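Examination of the molecular architecture
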Amino acid sequence: MKTLQKTYLKAWKKANKLGPEKTIKILKKKGLTGRGGADFPTWLKWELTRKTKSKERIIICNADEGEPGTFKDKLILEKNPENVIEGILIAAYCIDSKEAYIYLRGEYAYLKDKLRKTIKKILKATKSDLYLEIIEGAGAYICGDETAIISSIENKRGYPNFKPPYPSQKGLYNKPTLINNVETLANVPLALINKDWNNHSRLFSISGDVLRPGVYELKIGTRLEKIAKKVQAKNPKAVYFGASGGCIYYEPNLIIDQKNLCKKNVMLGTCSLIFVNKKRNILDIAINIAQFFTHESCGKCTPCREGNIHILNLLERIKSKKATEKDLQLLEKLSIIIKDTSLCGLGQTCTNHILTAIRHFKEDFQVK
Amino acid sequence: MQDRSAKKIKLLNVLREIQKKHNYLPEEEIRKLSEKTGIPVIEIYSTATFYSMLSTKKKGKKIVRICNSLPCYLNGSLNILEEAKRLLGIDINQTTKDGKFTLEVTSCIGCCDKGPAIMINDKLITNITKEKLRKLLK
């Protein structure tokens, strides 16, 4: 896999030679975008943080990969932590930061020792004075949100906050903060030195009813059918594009790229595909995902905290065959209200799977 | 480090250490931590109770966490959960009488390609079967 190719500090050396402006310009030209799901231009994030007036700036590497069905960052941290750290060093150089954190999810704690050793080795090799500490998460999905990650490192409950101010203006300890995902940072050195690097090559986490699950490096623009064949999906009925925030859809000819998916009201997000076969009832899966959200909603916004409990109740009512058409309408209405009135990405996407399931697989939602 | 914020205590890291040592956060340790850091006890509790891997109540020596997020669910995590309940004779969020095991259900642990997966304390066990589980929960 190209993403796992080690760059052995060559990119860091190049950046030091070029200077911050030119380095950021290359990232802009190459078109690197954020791999945490939002696809925000990386160079712009760097530029915004760099331009905010402050004596100190902070970097956070978001390694709180918690989306069910997403496990690409784990692979990178296992196989190529060197590039991630090189990416952090390049970012630190470009935005003039002396302080960085890797927020590692608690479930990946077993990666900590190796990561720590790699950090030590690289900081020594580069004679860097960067302060780089690993923060161990403790099992909260919401902390993958960039404002929640800040709350969490500041010793608080992991609640998300309103934006603006954006972290690039006022982030950790009120200082301008650059937050980048693991895969984004791992790609920084590659984008800087590899001539054939482009932003279309992505790590896809593929799981579910397939014979060959795993992380695949695929081009954006690949047909779903081709992917299904590659991973040996058994009689696919649907694909979840990310288990929780994602949507459900299936069409063999579907071309997997952001624009095309957008037309179908599907978000590509972190490039996770969970295949579901024809024997499955989508209602059962909706219940499983709703259980996830009743547990993971942080509780800050009432619509998300309470709404998800009602969503689960309604789904179980449909399952017990007691529900009427009115319940189904309520389910849809409530799903929209939660999306529209929640503060963070979790609340705004947590009912996507229900809305798209009702649209495309209504036969699985039988009511009186 | 000359920088002030870098010197700031990282509560999560400290709480995780205490949790690893005792398998929960004893009140005594929280009080000690409060004295040492100047962070009020109530604030430490406020933070600690937010995270599912931190516990203010006593737990078993081994916390068995069974992943039930979608990919593991599709691979039969509920069968594993039922088997764990049967083997340990307890329900979810309960501890065995001998204090050896606590059973929990967890959100995704990132082993979606090797499901069903479970964690026993910090250790990951992937592609778990009922037979494997029987050996582990002895």
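Residues numbered from 1 in each chain as written. Chains lettered and ligands numbered in written order. Predicted model: local features only at pLDDT ≥ 70, side-chain atom pairs only at ≥ 80, totals over all residues.

**Points about the interface of chain A and chain B**
Every contact between the two is made by 45 residues of chain A and, on the other side, 32 residues of chain B. If you list the elements that add at least two residues to the side of chain A that touches chain B, you get β3 (131-136), α7 (146-153), β5 (201-208), β11 (272-277) and α11 (282-296) of chain A. Residues belonging to the side of chain A that touches chain B are distributed by class as follows: 20 nonpolar, 14 polar and 11 charged. (Contact = placed C-beta atoms within 7 Å. Helix = DSSP H or I, 4+ residues; strand = E, 2+ residues; numbered from the N terminus. Nonpolar A, V, L, I, M, F, W, Y, C, P; charged D, E, K, R; others polar.)

**A closer look at helix α4 (residues 41-48) of chain B**
Residues and elements named next belong to chain B. Of all the residues in α4, the buried ones are Ile44, Thr47 and Ala48. Down the axis of α4, the smallest arc covering the buried residues is 95°, so these residues share one side. Tucked inside the fold, the buried residues of α4 contact α2 (11-22) and α3 (27-37). (Buried ≥ 20, exposed ≤ 12 C-beta atoms within 10 Å, placed from the backbone. Arc of directions from axis to C-beta.)

**Topic: the sheet that holds β11 of chain A**
Residue and element names in this part refer to chain A. Pairing is mixed in the open sheet, where 5 strands are placed in the order β6-β5-β11-β8-β9. Of all strands in the sheet, those with a lone pairing partner are β6 (214-219) and β9 (248-249), marking the two edges. Here β5 pairs with β6 via 6 bridges, running antiparallel. In the sheet register, Ile206 faces β6, and the bridge partner there is Gly214. (Pairing = 2+ DSSP bridges.)

**Here we look at the domain arrangement of chain A**
Residues and elements named next belong to chain A. For chain A, the assigned domains read domain 1 (2-193), domain 2 (203-277) and domain 3 (282-364). Relative placement of domain 1 and domain 3: their C-alpha centres are 33 Å apart. If you look at the interface, domain 1 gives 9 residues, while domain 3 gives 8 residues. Partitioning the side of domain 1 that touches domain 3 into residue classes produces 7 nonpolar, 1 polar and 1 charged. (Domains from an automatic or database assignment.)

**Examining the pairing of strand β1 (residues 62-67) of chain B**
All names here are of chain B. Within β1, 5 of the 6 residues are buried, which leaves it mostly tucked inside the rest of the structure. Direction of pairing for β1 relative to strand β2 (residues 101-106): parallel, over a ladder of 6 bridges. Looking at the pairing, Ile66 lines up with Val105 of β2. Relative to strand β3 (residues 118-120), β1 is paired through 3 bridges, and the arrangement is antiparallel. By the bridge assignment for β3, Val64 is matched with Ile120.

**Some words on the packing of helix α1 (residues 10-18) of chain A against helix α5 (residues 81-95) of chain A**
Residue and element names in this part refer to chain A. Running from N to C, α1 and α5 cross one another at 10°; their axes reach a closest spacing of 9 Å. When the axes of α1 and α5 are compared, the pair comes out roughly parallel. Seen from α1, the contacting residues are Ala11, Trp12, Ala15 and Asn16; seen from α5, they are Glu86, Leu89, Ile90, Tyr93 and Cys94. Tallied by class, residues from the contact of α1 with α5 come to 7 nonpolar, 1 polar and 1 charged. (Axes fitted to C-alpha atoms, helices over the stretch in contact; angles between N-to-C directions. Parallel < 35°, antiparallel > 145°, perpendicular 65-115°, else oblique.)

**Considering the domain arrangement of chain B**
The domain architecture assigned to chain B consists of domain 1 (4-48) and domain 2 (62-136). Computed from C-alpha atoms alone, the centre-to-centre distance between domain 1 of chain B and domain 2 of chain B is 28 Å.

**Observations regarding the sheet that holds β3 of chain B**
All names here are of chain B. With mixed pairing, the 4 strands of this open sheet are ordered in space as β2-β1-β3-β4. Pairing within the sheet leaves two strands with one partner each, and these edge strands are β2 and β4 (123-125). Going across the sheet, the axis of each strand differs from the next one's by a mean of 20°, ignoring polarity. Against the sheet, helix α6 (residues 77-88) touches β1, β2 and β3, its axis set at about 155° to β1.

**Some remarks on the pairing of β3 of chain A**
Residue and element names in this part refer to chain A. Relative to β3, strand β2 (residues 99-104) runs parallel, the two sharing 6 bridges. Bridging from a neighbouring strand, Glu99 pairs with Tyr131 of β3. Taken together, β2, helix α6 (residues 112-126) and β3 constitute a β-α-β crossover, and its handedness is right-handed. (Right-handed = clockwise from strand over helix to strand, strands pointing away.)

**Examining the confidence of the model for chain B**
Overall, the predicted model of chain B reaches an average pLDDT of 94, with 95% of residues at or above 70. When pLDDT is averaged over each element of chain B, α6 of chain B comes out on top at 98 and helix α1 (residues 4-7) of chain B at the bottom at 60. (pLDDT = per-residue confidence, 0-100.)

**Side note on unusual backbone geometry**
If a residue is not glycine, its phi is most likely negative; likewise, a peptide bond is most likely trans. Following Lys163 of chain A, the chain continues to Pro164 of chain A via a peptide bond in cis, the omega torsion being -5°. Along the chain, Pro164 of chain A falls in the loop between α7 and β4 (177-181). Residue Pro164 of chain A is joined to Pro165 of chain A through a cis peptide bond whose omega torsion reads 0°. One can find Pro165 of chain A in the loop between α7 and β4. If you check the backbone angles, Asn174 of chain A has positive phi at about 65° while not being a glycine. When you line up the elements, Asn174 of chain A lands in the loop between α7 and β4. Accessibility expressed as a C-beta count within 10 Å gives 13 for Asn174 of chain A, which makes it partly exposed. We note that Asn121 of chain B has phi near 50°; this positive angle belongs to a residue other than glycine. Following the sequence through the fold, Asn121 of chain B ends up in the loop between β3 and β4. Its 14 C-beta neighbours within 10 Å are what place Asn121 of chain B among the partly exposed residues.

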